[in-house]
Amino acid sequence: MNTFAVLIMAAGQSRRFADPFSKKPFVLLDHRPVWMHSAERFSRRPEVKQVILVIDPGDKATFFQKFGANVAFLELEVAEGGKERFDSVQNGLAMVRKEIDFVAVHDAARPCLSELWIDSVFEAAEKTGAAILAAPITGTIKRVKRERPDGGAYLIEDTVSRDNLWEAQTPQVFRRSLLEEAYARRGDFEVTDDAQLVQRLGHPITVVPCERMNIKITTKADLKLAERILPTLPKPGLGF
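What counts and what doesn't
- Residues numbered from 1 in each chain as written.
- Predicted model: local features only at pLDDT ≥ 70, side-chain atom pairs only at ≥ 80, totals over all residues.
- Heavy atoms only, no water.
- Phe/Tyr/Trp six-rings, centres within 6.5 Å; stacked < 30°, edge-to-face > 60°.
- Helix = DSSP H or I, 4+ residues; strand = E, 2+ residues; numbered from the N terminus.
- Buried < 20%, exposed > 50% of the residue type's maximum accessible area, 1.4 Å probe, protein only.
- Lys NZ or Arg CZ within 6 Å of the ring centre and 35° of its normal.
- 1 Å grid on protein atoms, 1.4 Å probe; cavity = no way out; pocket = protein on both sides within 12 Å on 5 of 7 lines; lining within 4 Å.
- Points joined across faces, edges and corners; volume = space filled by probe spheres on them.
- Nonpolar A, V, L, I, M, F, W, Y, C, P; charged D, E, K, R; others polar.
- Core = buried A, V, L, I, M, F, W, Y, C linked by side-chain atoms within 4.5 Å.
- Contact = heavy atoms within 4.5 Å.
- Axes fitted to C-alpha atoms, helices over the stretch in contact; angles between N-to-C directions.
- Parallel < 35°, antiparallel > 145°, perpendicular 65-115°, else oblique.
- Left-handed = near helix turned anticlockwise from the far one by under 90°.
- Pairing = 2+ DSSP bridges.
- Right-handed = clockwise from strand over helix to strand, strands pointing away.

With respect to the packing of aromatic side chains
Enumeration over the complete set of coordinates arrives at nine aromatic pairs. Here the aromatic rings of F4 and F122 are separated by 4.1 Å at their centres, their planes lie at 5°, and the arrangement is stacked. With F4 in strand β1 (residues 4–10) and F122 in helix α4 (residues 115–128), this pair connects stretches of sequence that are 118 residues apart. F122 matches F4 in its accessibility class, with the two residues each being buried. Ring centres of F63 and F64 lie 5.6 Å apart, and the angle between their planes is 85°; this geometry places the pair in the edge-to-face category. Relative accessible area serves as the criterion here: at 2%, F63 is assigned to the buried category. Among the residues examined, F64 registers a relative accessible area of 34% and is labelled partly exposed. Taken together, the ring pairs connect F26, W35, F63, F64 and F67 into an aromatic cluster. Just above the ring of F189 sits the side chain of R200; from NZ or CZ to the centre is 4.1 Å.

Topic: empty space enclosed by the protein
This structure, assessed with the given rule, holds one cavity of 30 Å³ or more. Roughly 30 Å³ of internal volume is contained in the largest cavity. Forming the boundary of the largest cavity are R85, F86, Y183, V191, T192, D193 and D194. The class makeup of the residues in the lining of the largest cavity is three nonpolar, one polar and three charged.

Digging into the nonpolar core
One finds I8, W35, F42, F63, F122 and V173 to be the most contacted residues of the largest nonpolar core, which totals 46 residues. Where this core is concerned, the elements lending two or more residues are β1, α1 (34–43), β4 (48–55), α2 (60–74), β6 (102–107), α4, β7 (130–136) and α7 (220–229). Top element by residues in this core is α4. It accounts for six residues. Apart from residues lying up to four places away in sequence, F42 is in contact with V6, I8, V48, V51, H106, L113, I118, F122 and P171. Counting 27 residues, the second largest nonpolar core, distinct from the first, contains M9, V105, A130 and A195.

Quick word on the packing of helix α3 (residues 85–93) against helix α5 (residues 176–184)
At a minimum axis separation of 11 Å, α3 and α5 run at an interaxial angle of 130°. Here α5 runs oblique to α3, going by the angle between their axes. Note on packing geometry: the crossing formed by α3 with α5 is left-handed. Together, F86, V89, Q90 and L93 of α3 and L179, E180 and Y183 of α5 make up the contact between the two elements.

Some points on the pairing of strand β5 (residues 77–80)
For β4 and β5, the ladder comprises four bridges, and the chain directions are parallel. Paired with I52 across the bridge in β5 is E77. Following the backbone out of β4, through α2 and into the adjacent parallel β5, one traces a crossover that is right-handed.

A look at the side chain of R110
Mapped onto the secondary structure, R110 falls in the loop between β6 and α4. When near neighbours in sequence (up to four residues on either side) are disregarded, R110 contacts S38, A168, Q169, T170, N214, I215 and K216.

Some words on unusual backbone geometry
Here the bond from T170 into P171 is cis, since omega is 10°, no more than 30 degrees from zero. By the secondary structure assignment, P171 is in strand β10 (residues 166–175). In this model, D30 sits at a positive phi of 55°, which is unusual for a non-glycine residue. Following the sequence through the fold, D30 ends up in the loop between β2 (28–29) and β3 (32–33). On the basis of relative accessible area, D30 is assigned to the partly exposed category, the value being 46%. Positive phi is not limited to glycine here, since E75 has a value of about 55°. The residue E75 is located in the loop between α2 and β5 in this model. E75 gets classed as exposed once you look at its relative accessible area, which sits at 68%.

What follows is the structure, encoded as structure tokens:
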């Protein structure tokens with residue numbers, strides 16, 4: 001059996017969440033903090049041998065005060081995040097044990113994750129070395145701009161064809177040596193997700209179709225939507 005480590009990314013600033021008292025991974029969702037929903041799903045899988053939660057250094061004291069018992073119970077490790085997301089991933093990656101075969105990177109703010117989707121993306125990564133969950137874009141896409149550089153109304157600039165456009169999700173899963181090489185060669189290149197960085201090596205990325213229910217919580221409205229999604233997630237044996 002291949003072994004997996006999971007990096008759960010919770011080091012962002014949550015600027016769009018609009019809650020001055022709590023960041024989105026730490027707010028409660030169905031009586032548990034958002035980050036814990038994903039941590040529990042990964043930690044109980046037999047092939048997952050290491051789960052690393054990456055948090056902002058400024059949150060560390062408060063985090064352990066609130067959730068230290070949960071971290072101990074789930075046998076999690078905690079890494080300190082960096083200035084940017086890719087810095088945070090690199091910090092977490094440095095803690096991955098060398099005997100681990102694959103590394104999954106997952107947003108702590110994506111709690112609506114089905115074990116079936118994890119199965120699918122893990123299996124694809126084992127076959128190809130690199131795989132991500134993603135959902136096809138179904139709406140009409142507009143490129144817009146501000147009326148004035150300093151503000152004003154948003155104006156449509158162009159309509160973009162949605163053919164072959166997919167929205168990347170997480171987890172994104174890679175052979176450990178491949179992800180380590182991608183970060184070793186990053187230099188000053190700024191990335192929005194890890195697949196982009198691995199693709200720079202010339203390695204193809206397999207896309208595993210996923211439901212749009214695998215949402216990323218960005219605003220408080222998303223939190224309310226997640227509350228409705230959780231009970232409807234596909235279960236093993238039932239399919240999508």
